[in-house]
Amino acid sequence: MCLAIPARVIELLPDDMARVSLDGVNKIVSIALVENVTVGDYIVLHVGYALAKIDESEAQRTLELLREAAELEASA
């Protein structure tokens, strides 16, 4: 099973790379596959690569669903 998650771009780096925040954890990822990425954008991230940009409301809804799933798993 594959999982792609939303991440917020916090810094653009050379060579089509960016620093993103994943719920407070910072990672450096490739943005080579997505055009016109800017600081503050939300991207869909899979194994270190940005696959697409998404709007903030969609990113927040997805992150909330992931939090709920984690809470259910922890309580099981």
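Criteria and cut-off values
Per chain, the residues get numbers from 1 upward, laid out in the order the sequence is written. With pLDDT at 70 or above as the cut-off, local features in this predicted model cover only qualifying residues; side-chain atom pairs require 80 or more to be listed or tallied, and sums for whole chains, interfaces and linings still use all residues. Values reported for side chains reflect all heavy atoms of the structure, with hydrogen atoms and water molecules removed beforehand. Definition of nonpolar core: a set of buried residues of the types Ala, Val, Leu, Ile, Met, Phe, Trp, Tyr and Cys, connected through side-chain atoms within 4.5 Å. For each residue, the accessible area found with a 1.4 Å probe, counting protein chains only, is set against the maximum for its type, and the residue is called buried under 20%, exposed over 50%, and partly exposed in between. What counts as a helix is a DSSP run of H or I of at least four residues, what counts as a strand is a run of E of at least two, and both are numbered from the N terminus. Working rule for contacts: check all heavy atoms of both residues, and any pair within 4.5 Å makes them a contact.

(A) Quick look at the nonpolar core. Judged by nonpolar contacts, A7, V9, A18, V20, L22, V29, I31, V34, V37, I43, L45 and A50 together constitute the single largest core of 12 residues. Every element with two or more residues in this core is listed here: β1 (5-13), β2 (17-22) and β4 (42-46). The element that contributes the greatest number of residues to this core is β2, accounting for 3 residues. Apart from the residues within four sequence positions on either side, V29 is in contact with D16, M17, A18, V20, L45 and G48.

(B) Quick look at unusual backbone geometry. Even without being a glycine, D15 presents a positive backbone phi close to 60°. Locating D15 in the fold gives a position in the loop between β1 and β2. A residue is classified by how much of its surface remains accessible, and D15, at 71% relative accessible area, is exposed. The phi dihedral of N36 is positive, around 60°, even though this residue is not glycine. Position of N36 relative to the elements: it lies in the loop between β3 (25-30) and β4.

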